[in-house]
Amino acid sequence: MHIIDTRQFSREFMDKIFVLAEKMRQIVLSRQPSIILKNKKMIALFHEPSTRTRLSFEMAMSYLGGHFFSTPNASESSSASKGETVEDTIKVLQGYALDVIVLRHHEDGFAARAAQASLVPIINAGDGKNQHPTQALIDLYTMQEKFGKIDGLRVAMVGDLAHYRSIRSLCFALAKFKKITIYLVSPVSFRIKDDVKNYLTKHEVWFLESDNLQKVAPLVDVIYQTRIQKERGIHFDNTDFMINKKILSLMKKEAIVMHPLPRVDEISLDVDEDPRAYYFKQAENGLYVRMALLKTMLVRE
Amino acid sequence: MHIIDTRQFSREFMDKIFVLAEKMRQIVLSRQPSIILKNKKMIALFHEPSTRTRLSFEMAMSYLGGHFFSTPNASESSSASKGETVEDTIKVLQGYALDVIVLRHHEDGFAARAAQASLVPIINAGDGKNQHPTQALIDLYTMQEKFGKIDGLRVAMVGDLAHYRSIRSLCFALAKFKKITIYLVSPVSFRIKDDVKNYLTKHEVWFLESDNLQKVAPLVDVIYQTRIQKERGIHFDNTDFMINKKILSLMKKEAIVMHPLPRVDEISLDVDEDPRAYYFKQAENGLYVRMALLKTMLVRE
Amino acid sequence: MHIIDTRQFSREFMDKIFVLAEKMRQIVLSRQPSIILKNKKMIALFHEPSTRTRLSFEMAMSYLGGHFFSTPNASESSSASKGETVEDTIKVLQGYALDVIVLRHHEDGFAARAAQASLVPIINAGDGKNQHPTQALIDLYTMQEKFGKIDGLRVAMVGDLAHYRSIRSLCFALAKFKKITIYLVSPVSFRIKDDVKNYLTKHEVWFLESDNLQKVAPLVDVIYQTRIQKERGIHFDNTDFMINKKILSLMKKEAIVMHPLPRVDEISLDVDEDPRAYYFKQAENGLYVRMALLKTMLVRE
């Protein structure tokens, strides 16, 4: 079992992760050692800089009694920099008796290529502008936790929808739930790609594109804000797409603001105190969901 | 409890660390496993390159049965490089059930800002040209170990006193002891900053500024030598401020030479064989003192 | 005991490693925890980028119940970058109660210098264009495993023989076995250095230099292929020195193709399916051999 693309997730699989994530939270909060992943071994091979995703995977492994091996900057130090193919890299890692390989890479489809060559389970921890499936599980779990269900939710996705892998992953995953409404709020030239829209249509998700966050804000249960990823060389003036007190004042009382983090200025700091600010809870959930995922993948029941 | 600035240390706290560091040495030398920090979790987030400080913290944690998570080059790989504030970074890390966060950063006051945002204990492992409090504890423990007490010692600080955080931290900490004399030996334009001098005066530490190491050498119990930190873009001709056989010949028989290391040419290699060369013992003490500090912070008595 | 240069290996030592590596394989494949290196501590200090060698050492340590501390990019982050000598680095690390120090460095002779300063066992994990002794042990174990013995083997070394440390290490090590024949296949200006040839002559190894892989291929039991190390700034047109189906068709049925990996284009991908392609098995053996070596060095019988 590889985790590559949220389109692969069944509703049943996701529900199972949500239930398990809650148990994982209890384990973490109990501060008691766990041996659920005793003697299991993970490698994290990150070709693209990331502290948080890597650390939360390593902590997930460690908190469940497993071992991890780490390459924080594989692009610089690894065999890849000498011209090795991903297939060769995987074939070598396979020889090391690992139980799971976590990969991040700047290239779309990298994890899928790795998975095709691999007998060891692969987790895509982000591949270019393509997918970030564990982030989507975290996002969904956060909604599930808040609202008790995901069916019927109205979600606004805000920002550079054309290039944000977390947005793509989340849209595809939401399509597996019932009666979902998605507002796609972005500048015209940063609209989400057609393959996502086609997928939503096919799965009977009602969606609407807009460049007016103020109009959308009162309508939704979730505003999912994103950062302008300057490291991808693309940006726009985001003043019309920022979450601030004004936007908060328009939102429903029970709605929440989410963000995969890190945040720069697209959510103003004074939003943090509002009980609807859910992005730090969402980040915390990252640990529980990754623990749940690793347990699901590595422990046969 | 955060460890940010040596001005926060009470005499009682420091004495406690010294006693505990001695016990930690016994644990290490026994080579028996310890479970003192069992199930405790540390993250080391280093925005400024450093091997030694990071490794000795990680070893301290591990030798006491705890776990550590590591980011050797956070500036390159972390969310900070994408524009995240330290407050956000801390709020996210807080969600990961960590017991302590060790931070190094090139910015003065970084650790203090982090501490203000943090419910998890923060250890400042060096912030810009400001403070390096654990180094000061190591330095003091080394003096305590050698002389049996710190009260009454005469200490010469040598080198770029204007920009060296270990010097600042040590001066502030020494001020908590009695009858301390400090000789501040540097080129005129690299004299220690006024806030340190004011603090020493206020705490009745007798100090003297000098640019003549040869005159000071016979007078002191400790020469604390420092490296010219070329990575900070500032340097001077250090020939008049080097420790060599000539300086050794002027020093008291029972005096010692200390250095936070790494050393370049400011202590000549032939000094190493002299029994007064204490810098490698000092480095070793780094492990014991950091173990003592972590135990003090993480284990409630 | 340091591991610096394959010339130091006795036949008895190597035979012992081979027997032990086989036991290590059983431990890994059993997927049961081992406590053979319980409470043992390794540091991996890599001044030159490398993922694989570092990870396999860390895994070797961990799979046997030991602890490791890691510096993936020591050149950037360590005291060395501030001008510290290797002797000082070693003296400091010695104070940390480590059981073994694994070093990689771009400088020939670095590990030998470290070893001279060190009371703690040093393993050379590659020093410039000089030596890579653990790779040689892996290579020999792979031959031993395949052929049941190394005495009498005919081995072709192919590629940039002038600058490849694995080639040097392997040639020196093969000289300790009986009736070895080595074909040194390279462009004329990339021939192996005289000190290797003199050593082979002195140890009665029959060798022949050639630039014709097709002529050599049918004669040998092992083709040991290497990559053009562009990171060393030296290269040549390798079309005449590539392993492909054509070369395979010339080889003996029982011969094998080895490569220290990573591979770029010097072995074509369609060779992988041939049962004589042994380079991924060889990479896997890296884990077992390093486990065997660490056990031999750290556990007194």
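Please read all numbers here as calculations on a predicted model, not as lab measurements. Each chain has its residues counted from 1, following the order in which its sequence is written. To label them, take the chains in the order written and letter them from A, then take the ligands in the order written and number them from 1. A pLDDT threshold of at least 70 governs which residues receive local features in this predicted model, and a stricter bar of 80 or more applies before side-chain atom pairs are shown or counted, although totals over entire chains, interfaces and linings include all residues. Computation of side-chain values covers all heavy atoms of the structure but excludes hydrogens and water.

**Overview of helix 5 (residues 110-117) of chain B**
Residue and element names in this part refer to chain B.
So, step 1. Buried residues of helix 5: Phe110, Ala111, Ala114, Ala115 and Ala117, and no others. Looking straight down helix 5, one finds that the buried residues subtend no more than 165° of arc, so they occupy a single side.
So, step 2. We call two residues in contact when some of their heavy atoms are within 4.5 Å. The secondary structure listing takes helices from DSSP runs of H or I that are at least 4 residues long and strands from runs of E that are at least 2 residues long, numbered from the N terminus. Elements in contact with the buried residues of helix 5: helix 4 (86-94), strand 3 (100-105) and strand 4 (122-127). Buried means the residue's accessible area, taken with a 1.4 Å probe over protein chains only, is under 20% of the maximum for its type, while exposed means over 50%, and partly exposed covers the values in between. Each direction from the helix axis to a C-beta atom contributes to the arc, which is the arc of those directions.

**Focus on the sheet that holds strand 3 of chain B**
All names here are of chain B.
So, step 1. Should DSSP find at least two bridges between two strands, the strands are taken to pair. Sheet architecture is open: 4 strands sit in the order 2-1-3-4, paired in parallel fashion. The sheet is open, and its two edges are formed by strand 2 (67-71) and strand 4, each paired on a single side. The average angle at which neighbouring strand axes cross in this sheet is 15°, direction not considered.
So, step 2. Note: strand 1 (residues 41-46) against strand 2, 5 bridges, orientation parallel. Paired with Leu45 across the strands is Thr71, a residue of strand 2.
So, step 3. To obtain each axis, a line is fitted to C-alpha atoms, and for helices this fit is confined to the stretch in contact; angles are then taken between N-to-C directions over 0 to 180 degrees. Across the sheet, helix 11 (residues 279-298) touches strand 1, strand 3 and strand 4, and the angle it forms with strand 4 is around 145°.

**Some points on the interface of chain C and chain B**
When the parts of a complex come together, some accessible area is lost, and that lost area is often used as the size of the interface.
So, step 1. Across the contact, 26 residues belong to chain C and 31 residues belong to chain B.
So, step 2. Once two parts are put together, the accessible area they lose, assessed with a 1.4 Å probe and summed over both, is termed the buried area. Buried area between chain C and chain B, summed over both chains or domains, comes out near 2500 Å², and the portion from carbon and sulfur atoms is 55%.
So, step 3. On the chain C side of the interface with chain B, the three residues burying the most area are Phe69, Lys82 and Tyr96 of chain C, jointly 29% of the side's total.
So, step 4. For this document, the term salt bridge refers to a Lys or Arg side-chain nitrogen within 4 Å of an Asp or Glu carboxyl oxygen. Summed over the shared surface of chain C and chain B, the result is 4 salt bridges.
So, step 5. Pairs of N or O atoms are called polar contacts if they sit within 3.5 Å, as long as, within protein, a hydrogen donor faces a hydrogen acceptor (for residues adjacent in sequence, only side-chain-to-side-chain pairs). Applying the counting criterion to the chain C and chain B interface returns 9 residue pairs in polar contact (both at pLDDT 80 or more).
So, step 6. At the level of elements, strand 1 (41-46), strand 2 (67-71), helix 3 (74-77) and helix 4 (86-94) of chain C are the ones that each hand at least two residues to the side of chain C that touches chain B.
So, step 7. Sorting elements by how many residues they give to the side of chain C that touches chain B places strand 2 of chain C first, with 5 residues.

**A closer look at the side chain of Ser210 of chain A**
So, step 1. Note on placement: Ser210 of chain A falls in strand 7 (residues 206-210).
So, step 2. Contact partners of Ser210 of chain A, with chain neighbours within four places excluded, come to Leu184, Val185, Ser186 and Val216 of chain A.

**A look at the pairing of strand 3 of chain B**
All names here are of chain B.
So, step 1. By the criterion of burial, strand 3 is predominantly enclosed, with 6 of the 6 residues buried.
So, step 2. Residues of strand 3 alternate between two faces, with Val100, Val102 and Arg104 on one and Ile101, Leu103 and His105 on the opposite face, all of them buried.
So, step 3. Taken together, the 5 bridges between strand 1 and strand 3 define a ladder with parallel strand orientation. For Ile43, the partnering residue across the bridge sits in strand 3 and is Ile101.
So, step 4. With 4 bridges connecting them, strand 3 and strand 4 associate as parallel partners. If you follow Val102 over to strand 4, its bridge partner there is Ile123.
So, step 5. A crossover links strand 3 with its parallel partner strand 4, the connecting element being helix 5, and its sense is right-handed. When the strands point away from the viewer, a crossover counts as right-handed if the route from the first strand across the helix to the second turns clockwise.

**Comments concerning the relation of the copies chain B and chain A**
So, step 1. Least-squares superposition aligns the copies on the C-alpha atoms of those residues with pLDDT at or above 70 in both. Structural alignment of chain B on chain A gives an RMSD of 0.0 Å, achieved by rotating through 120° and translating 0.0 Å along the axis. The superposition operator between the copies reduces to a three-fold rotation axis. When C-alpha positions in chain B are compared against the rotation axis, the closest is assigned to Pro72 of chain B, at 4.8 Å.
So, step 2. Little of the interface of chain B is mirrored in chain A, where only 12% of its interface residues are also at the interface.

**Some remarks on the interface of chain B and chain A**
So, step 1. Counting residues at the interface gives 26 residues for chain B and 31 residues for chain A.
So, step 2. A combined buried area of about 2500 Å² lies between chain B and chain A, and 55% of that area is made up of carbon and sulfur atoms.
So, step 3. Considering only the surface of chain B that becomes buried against chain A, Phe69, Lys82 and Tyr96 of chain B emerge as the three largest contributors, covering 28% of it.
So, step 4. We note a salt bridge from Arg263 of chain A to Asp88 of chain B, for which the minimum N-O separation is 2.7 Å.
So, step 5. Seen at the junction of chain B and chain A, the total is 9 residue pairs in polar contact (both at pLDDT 80 or more).
So, step 6. Among the secondary structure elements, those contributing two or more residues to the side of chain B that touches chain A are strand 1, strand 2, helix 3 (74-77) and helix 4 of chain B.

**Quick look at unusual backbone geometry**
All names here are of chain A.
So, step 1. Residues Leu261 and Pro262 are joined by a peptide bond in cis, for which omega reads 0°.
So, step 2. By secondary structure assignment, the location of Pro262 is in the loop between strand 9 (256-258) and helix 11 (279-298).
So, step 3. Of note in this structure, Lys179 is not a glycine but carries a positive phi near 55°.
So, step 4. Within the secondary structure layout, Lys179 lies in the loop between helix 7 (165-174) and strand 6 (181-185).

**Observations regarding the packing of aromatic side chains**
Each pair of aromatic rings is reported with the distance of its centres and the angle of its planes.
So, step 1. Stacked, edge-to-face and tilted labels apply to pairs of Phe, Tyr and Trp rings (six-membered ring for Trp) whose centres lie within 6.5 Å, assigned for plane angles under 30 degrees, over 60, and everything in between, in that order. Across all of its chains, the model carries 27 aromatic pairs over all chains by this definition.
So, step 2. Through successive ring pairs, a cluster of aromatic residues spans Tyr63 and Phe68 of chain A together with Phe69 of chain B.
So, step 3. For a Lys NZ or an Arg CZ to count as sitting over a ring, it must be within 6 Å of the ring centre and within 35 degrees of the ring normal. The positively charged end of Lys281 of chain A is found above the aromatic ring belonging to Tyr278 of chain A, 4.1 Å away from the centroid.
So, step 4. The ring of Phe147 of chain B is capped by Lys146 of chain B, whose NZ or CZ atom sits 5.9 Å from the centre of that ring.

**Quick notes on the pattern of salt bridges**
Residues and elements named next belong to chain A.
So, step 1. A full pass over the atoms with the stated rule returns 63 salt bridges over all chains.
So, step 2. Two residues, Lys197 and Glu209, come together in a salt bridge whose shortest N-O distance is 3.0 Å. Note that Lys197 is positioned in helix 8 (residues 194-202) and Glu209 in strand 7, a separation of 12 residues in sequence.
So, step 3. Take Glu209: its relative accessible area is 25%, and that puts it in the partly exposed class.

**Things to note about the relation of the copies chain C and chain B**
So, step 1. When chain C is fitted to chain B, the residual RMSD is 0.0 Å, and the transformation amounts to a turn of 120° plus an axial shift of 0.0 Å.
So, step 2. Taken together, the interface assignments show that only 12% of the residues at the interface of chain C recur at the interface of chain B, consistent with different surfaces on the two copies.

**Let's talk about the domain arrangement of chain A**
All names here are of chain A.
So, step 1. Taken domain by domain, chain A consists of domain 1 (6-131 + 283-298) and domain 2 (133-279).
So, step 2. Annotation comment: domain bounds sourced from an automatic or database domain assignment. Here domain 1 and domain 2 have C-alpha centroids that lie 25 Å from each other.
So, step 3. The junction of domain 1 with domain 2 conceals about 2600 Å² of combined surface from both sides, 59% of it contributed by carbon and sulfur atoms.
So, step 4. If you look at where domain 1 meets domain 2, you find 3 salt bridges.
So, step 5. Across the pair Glu145 and Arg25 runs a salt bridge whose closest N-O atoms are separated by 2.5 Å.
So, step 6. Among the secondary structure elements, those contributing two or more residues to the side of domain 1 that touches domain 2 are helix 1 (11-30), helix 2 (52-63), strand 3 (100-105), strand 4 (122-127) and helix 11.

**Details of the environment of Lys197 of chain C**
So, step 1. According to the relative accessible area criterion, Lys197 of chain C is buried, its value standing at 17%.
So, step 2. What Lys197 of chain C contacts, discounting residues up to four positions off in sequence, is Ile192, Phe207 and Glu209 of chain C.

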